Structures are given as C-alpha cells and as structure tokens.
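Breakdown of the fold
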Amino acid sequence: MTDSDSRTPLSELLASMSADGDAVRVHIPDDWLQGRAVYGGLSAALCLQATLEGLGDDLPPLRSVQLSFIGPAGSDVRLSPEIVRQGKSTTFVTVDMSSDDKLAVRATLCFARARSSHLSIVDCPAPVVAGVADCADFFRDAEGRNQGPNFAQHFNSRFAGGALPASGAQDPSFTVWMQHKDSASRASLVGLVALADALPPAAMACFAERAPISTMTWMFDVLDDTPHTDDGWWLSRSVAESTADGYSSQAMTVWNSAGQPVIVGRQNVAIFY
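Residues numbered from 1 in each chain as written. Predicted model: local features only at pLDDT ≥ 70, side-chain atom pairs only at ≥ 80, totals over all residues. Heavy atoms only, no water.

1. Comments concerning the overall build of the protein
The cut-off we apply is this: Working definition: helices are DSSP H or I runs of at least four residues, strands are E runs of at least two. Numbering for both runs from the N terminus. In this setup the radius of gyration rests on C-alpha atoms only. A globule is expected at 2.2 Å times the number of residues raised to 0.38. Classification of residues uses two cut-offs on accessible area relative to the type maximum, computed with a 1.4 Å probe and protein chains only: under 20% is buried, over 50% is exposed, and between them is partly exposed. The contact criterion used is simple: two residues touch if any of their non-hydrogen atoms lie within 4.5 Å. Under the convention used here, a 1.4 Å probe and the Shrake-Rupley method define accessible areas, while residue burial counts only the protein chains that appear. Under this rule, positive means Lys or Arg and negative means Asp or Glu; His and the chain ends count for nothing. Each charge is placed at NZ for Lys, CZ for Arg, CG for Asp and CD for Glu.
Scanning the protein from terminus to terminus reveals three helices and 14 strands. Taking 19 Å as the expected radius of gyration for a compact globule of 273 residues, we find that the protein reaches 18 Å, a close match to that expectation. Dimensions of the protein, computed from C-alpha atoms along their principal axes, come out at roughly 50 × 50 × 40 Å. The proportion of buried residues among the 273 residues of the protein is 48%. Within the protein, contacts between residues separated by at least 24 positions form 66% of all contacts whose residues are at least 6 apart in sequence. Within the structure as shown, the protein displays about 13100 Å² of accessible surface, and the carbon and sulfur contribution to it stands at 48%. Within the protein, the 31 negative side-chain charges are centred at a point lying 4 Å from the centre of the 19 positive side-chain charges.

Structural data, given as structure tokens:
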C-alpha cells in the first residue's frame, strides 16, 4: 500500500480499540505491519494505549518500558493490562499482547511521579545535523515511492546522518528526522512511542543486501513528563554497538527539535544476514 487514502492514521487505529472484559482488542490493518507482523513501536504504543484506557488517566507520568517480543503478532491482537504494584509515587503495569491466543509481547511499564532531588544532570547531546528542510527523504526514493516496510508510509522522514539501509557501510548508525503524517498523533506520548522504533535496526547499514531482522527485546526511558517538539518533528538516532553471532545490540535516542533528549533506550535484534 502506498496510496495515502489506504492508510489508517494511528489516531484512527487507537480509536478502534474495543473493550473485551478486562482486556482490549484491535485489528491491525496491513499498512501498519512489518511484513506479516506488527512492528515493535506499534506494539509498545498499543500496550501503552491499552493501559491508559483500561486503568484510567490518573496514572503518574510514564518513566520506563521494557518489552519482550516473544512471538509474531498478526492482524488481530488482544491486550491485557494489569497493575502489579501501586505505591504512593510509582505504579508498575504489565501488559500481555496475544495473537491467535498465543503470547506475542510482554511489556512492563513503570509510571512514577516526580520527586524533589539535589541532582539534575543531562549528558546526552544531540548530534549536529542539518534541519528538516535540508535533508532528503529516508524511506522514499526520488519518485516518492515507499522503500521501507509497510508501516513506514505513516511517517515523514528526513535522512540527517549515518548511513542508509543495506548500503554496505562501515558506520552502523542512522540519524533521521521523523514525523507522523497523522497530525493528531504528533503531540501524543503514544504517538512518540510508535515513532521511537520506526527506524530499521542500525546493523542493517552494514548489510550489502536486504535481509530479515527480528527485534527480541526493547527497553526505553522517557526523560520528560510531557515531551513536545516543533510541528511533530523528532530527531531519532540508532547505533549498533555490538553485532555478532546473529544478534545486534543497539542504543537508541530521540531528541526534540530543540536538541533535548526525550527517550533513550536499548534494543536487541536478531539478524539473518
């Protein structure tokens, strides 16, 4: 699918989630899939949305998420959020996402209120890159055709540094400006979570040709209670720090347009190349 009329905006997809007892169900259209499965960013976004819908809006700010991608999630999924501990300032929630009655994703979300502290340290500088208007498309070719997986058509992307996928590069990194095409998703935390895993694994920069990959685990911390950026543009960077024996360990960071870090994380990816 490349026709914009065929896309289901993320905000529309989230609105289609329906209650199923203590769980929620949702149908994932083909335009949100990576091959035949749901990609990690959307899985995380659905787990967060299911938590917010099922457990109410009085949760503290989201601080950290840990996800294990246990099996493929197909077009129809069921999400079951559960509070496993709730204290004065911190709430832990687990979410199991199942597909065809089999566990596909297990997520642990940590919500915690801010507390006073003597410490305030930020040492995660944004790379110096050209602005959005001066960067070429990342997911699209010169004719405007989508060159990424199906879900990539939901994002505007501008290549800001590093290498391109399957370019045989020595530098296993991508730095890309990213924005939801769906304007209703540009200011939401759920939208940001979906976007934070939209880049391909950085190890793919070293591939000489395209080959399958599969994310095994992903953990990330949210560094701002209310992340925001200009016009929905975020600078996303993935760097493969170790790749061997068919697995790659990568660091991931998202900054806002002012160069402030909003998400930092790590991911382990199985590579079949």
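2. Considering the sheet that holds strand β7 (residues 90-99)
Basically, it comes down to this: When DSSP finds two or more bridges between two strands, those strands count as paired. All axes are obtained by fitting lines to C-alpha atoms, using only the stretch in contact for helices, and the reported angles, taken between N-to-C directions, cover 0 to 180 degrees.
Read from one edge to the other, the open sheet built from 12 strands follows the order β1-β2-β6-β7-β8-β5-β11-β14-β13-β12-β10-β9, with strand pairing classed as antiparallel. Only two strands of the sheet have a single neighbouring strand rather than two, namely β1 (18-20) and β9 (155-162). When strand polarity is set aside, the average angle formed by the axes of neighbouring strands in this sheet is 25 degrees. Running at roughly 150 degrees to strand β10 (residues 173-180), helix α3 (residues 189-196) makes contact with β5 (62-69), β9, β10, β11 (213-222), β12 (234-244), β13 (247-255) and β14 (261-271) of the sheet.

3. Notes on the packing of aromatic side chains
How we decide: Between rings of Phe, Tyr and Trp, where Trp is taken as its six-membered ring, a pair exists when centres lie within 6.5 Å; planes separated by under 30 degrees are stacked, by over 60 edge-to-face, and by other angles tilted.
Under the counting rule described, the total for this entry stands at eight aromatic pairs. Seen in terms of ring centroids, F138 and F139 are 5.1 Å apart; in terms of plane orientation they differ by 70 degrees. Their pairing is edge-to-face. The pair F138 / F139 is uniform in exposure class, with both members buried. Taken together through their ring pairs, the aromatic side chains of W32, Y39, F151 and F155 make up a single cluster.

4. A look at the nonpolar core
Cut-off, in case you're wondering: Only buried Ala, Val, Leu, Ile, Met, Phe, Trp, Tyr and Cys residues count toward a nonpolar core, and they belong to the same one when joined by side-chain atoms within 4.5 Å.
I28, W32, L42, L46, L67, L79 and F220 are the most contacted members of the largest nonpolar core, which has 71 residues in total. When residues in this core are grouped by element, the largest group, seven residues, is from helix α2 (residues 40-55). When sequence neighbours within four positions are dropped, the list of residues in contact with L46 reads L14, M17, V26, I28, V77, L79 and M97. Ranked by size, the runner-up nonpolar core spans seven residues in total, among them C124, A160, W233 and W255.

5. Notes on the pattern of salt bridges
Cut-off, in case you're wondering: Within this document, salt bridges are pairs made up of a side-chain nitrogen of Lys or Arg and a carboxyl oxygen of Asp or Glu, the two lying within 4 Å of each other.
All told, the structure shown has seven salt bridges when counted by the stated rule. For R63, the salt bridge goes to D225, with nearest N and O atoms at 2.9 Å. Linking R63 in strand β5 with D225 in the loop between β11 and β12, this pair joins segments that are 162 residues apart in sequence. A relative accessible area of 38% places D225 in the partly exposed class. Between E241 and R266 there is a salt bridge, with its nearest N and O atoms 2.9 Å apart. One end of the pair, E241, is in strand β12; the other, R266, is in strand β14, and 25 residues separate them in sequence. Taking relative accessible area as the criterion, E241 reaches 51% and is therefore assigned exposed.

6. Details of the environment of M216
When you line up the elements, M216 lands in strand β11. Spatially, the C-alpha atom of M216 lies 24 Å from that of Q170, the residues being 46 residues apart in sequence. Sequence-distant contacts of M216, defined by excluding residues within four places in its chain, comprise L67, S68, F69, Y247, N268, V269 and A270.

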